[in-house]
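# Observations on the model geometry
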Amino acid sequence: MAERLSNREGIRGMINPTRYGILRVAYWLQRLSGLGLLAYLIGHIYETSTILNGKTAWANMLSLTETPGGHIVLVIVIGMCVFHTGNGIRVMISEGGKGVGKPGQPEYPYRASSLNSKQRLCIWVSIALAALAMMYGAGVLFGN
Amino acid sequence: MATVTVPEEKKIDESPAAPAEPKPTTITLRISRVNPSENAEAKFEEFKVPVQKWTTVLETILHVKEKLDHSVAVRYSCRQASCGSCGMKINGKPRLACYTKISELESNVVTVEPMNNFQIIRDLAVNFEQLFSTHKKMKPFIINEESEVQPGTKEFIQTPQDLEKFLQFSYCIKCGLCNSACPTMATDKSFVGPQGLAQAYRYTADNRDKGKEDRLKIVDQSHGIWRCHFAGSCSNVCPKGVDPAMAIQLLRGYLLGFRK
Ligand code: HEM
Ligand code: SF4
Ligand code: FES
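In short, a report on the structure. These numbers were taken from a predicted model, which means no experiment stands behind them.

## Considerations on the site of ligand 1
Taken together, 14 residues are adjacent to ligand 1, and A:Arg31, A:Gly34, A:His84, A:Glu95 and B:His229 come closest. Those chains with residues close to ligand 1 are chains A and B. Within the side chain of A:Arg31, one N or O atom sits 2.7 Å away from an oxygen atom of ligand 1. At 3.3 Å from an oxygen atom of ligand 1 is found a side-chain nitrogen or oxygen belonging to A:Glu95. No other element matches the seven residues that helix α3 (residues 22–49) of chain A contributes to the shell around ligand 1. Among the residues making up the shell around ligand 1, the classes are represented as six nonpolar, six polar and two charged.

## With respect to the interface of chain A and chain B
Each side of the interface is counted separately: chain A has 38 residues, and chain B has 52 residues. Both sides of the chain A and chain B interface together cover about 3700 Å² of buried area, and 55% of this is carbon and sulfur. Counting every contact that joins chain A to chain B gives one salt bridge. Between B:Arg252 and A:Glu95 there is a salt bridge, and its shortest N-O distance comes to 3.7 Å. If you look at where chain A meets chain B, you find 20 residue pairs in polar contact (both at pLDDT 80 or more). Secondary structure elements with two or more residues in the side of chain A that touches chain B: α1 (2–6), α2 (10–14), α3 and α5 (68–95) of chain A.

## Quick notes on the packing of aromatic side chains
Residue and element names in this part refer to chain B. For the coordinates displayed, the defined rule picks out five aromatic pairs over all chains. Between Phe 118 and Phe 128, the ring centres sit 5.1 Å apart and the planes meet at 40 degrees, which makes this aromatic pair tilted. On the criterion of sequence distance, the pair formed by Phe 118 in the loop between β5 (109–113) and β6 (120–122) and Phe 128 in the loop between β7 (125–126) and α3 (129–137) is long-range, its members being ten residues apart. Seen in terms of ring centroids, Phe 169 and Tyr 201 are 5.3 Å apart; in terms of plane orientation they differ by 85 degrees. Their pairing is edge-to-face. On the criterion of sequence distance, the pair formed by Phe 169 in the loop between α4 (160–164) and α5 (177–181) and Tyr 201 in helix α6 (residues 194–204) is long-range, its members being 32 residues apart. Both residues of the pair, Phe 169 and Tyr 201, belong to the buried class. Put simply, the rings of Phe 118, Phe 128 and Phe 132 touch in pairs and so form one group of aromatic residues. In this arrangement the basic side chain of Arg 30 is found over the ring face of Phe 44, its NZ or CZ atom lying 4.2 Å from the centre. Looking at Arg 202, its charged tip hangs above the ring of Tyr 203, at a distance of 4.0 Å from the centre.

Calculation notes
- Residues numbered from 1 in each chain as written.
- Chains lettered and ligands numbered in written order.
- Predicted model: local features only at pLDDT ≥ 70, side-chain atom pairs only at ≥ 80, totals over all residues.
- Heavy atoms only, no water.
- Near = heavy atom within 4 Å.
- Polar contact = N/O pair within 3.5 Å; in protein donor to acceptor, adjacent residues only side chain to side chain.
- Helix = DSSP H or I, 4+ residues; strand = E, 2+ residues; numbered from the N terminus.
- Nonpolar A, V, L, I, M, F, W, Y, C, P; charged D, E, K, R; others polar.
- Contact = heavy atoms within 4.5 Å.
- Buried area = accessible area lost by both parts, 1.4 Å probe.
- Salt bridge = Lys/Arg side-chain N within 4 Å of Asp/Glu carboxyl O.
- Phe/Tyr/Trp six-rings, centres within 6.5 Å; stacked < 30°, edge-to-face > 60°.
- Buried < 20%, exposed > 50% of the residue type's maximum accessible area, 1.4 Å probe, protein only.
- Lys NZ or Arg CZ within 6 Å of the ring centre and 35° of its normal.

Laid out in structure tokens, this is it:
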């Protein structure tokens, strides 16, 4: 009752990447890719630790991961890695107060200078680099 | 007695053709109705409202109140984006009802709901207690021992450059749209929020103020400034160009030692 009254938007509102422009999309992708990379790291440690159980255990694991499905997961991991790093660097610089514009007299229609073209460009470059890396990775993994 | 004759060409036309009023179109206004004191679920009520090119969302709600259902609860005052009373969710996004024209929404169906992340009082009216108390916690005043005017003291002189460092943040009308759009606010009920953080910066950046250390201590806590992830949604919706996202990152610059 109390929470319904509070009209808090909740997780569904938090993960909704529409409505508020590209910076909100980048926020959502950073979160998604961060959690994806964490899941991959845990999975990867589990995967490689099977080598401790001997050759057959390792070979069994490889027969699971060295598959088209496994390669698709890796291609996605490459994309997440590149986007997360590129956008992460933008976020770190901005959160230190750099590249977010300079205070001044706001003029109608009041476009916020923190949502400037450099910020948007960095996000698009991170997305483009991630796409290129994914294509290259897919070429290596699926190529012969 | 002298008689004056009006020259022919200056005679006033008795029946001027009135400029044709553009025909109003009709839109459907969907208003979220809820009365938490009756513990009822929110439901939408639909109203047909005539609109012109210049009609604002607030005017359509007032039309409903005047002509169709006077029980709709809505808060407003200035009708000119100055008082910060009429924030609500319009077609899914927080906006000021008095500052949003129906024509800019490009839809014949307009849905109005109470702002998210604020307690609902009734229908579209929400409770601002948390926003105001957080605002006060940021010490929104100049802290300076010498600010009392004594005989022999002079006013503080600021250059236009000094003024520009904080002026835009002082345009905040406390409408709460930023807090309603913020993704951290959506899940964290104790978060200070973009409105409060921007005001902490507004006073800290003022060169008459000496309260920087106090305010940095207030925002440097677990539900404080570090919960901002620079999603920029606050600045995307702010109707006054305050740009809270910029203020927050600049404030964080002090805490991280990148700025003095
Ligand atoms: C060069 C490498 C990396 C950089 C520059 C980087 C940068 C960042 C930054 C700046 C954030 C905070 C974003 C924000 O304030 O919302 C973040 C969040 C996060 N990162 Fe990374 N990161 C890197 C690598 C990784 C790796 C390898 C993992 C996983 C194993 C990872 C997992 C996460 C997670 C889970 C979050 C939290 C997401 C959130 O709360 O929104 N990151 N990263
Ligand atoms: S910062 Fe902008 S959106 Fe937030 S309360 Fe102030 S005027 Fe409203
Ligand atoms: S009625 Fe004052 S801001 Fe809209």
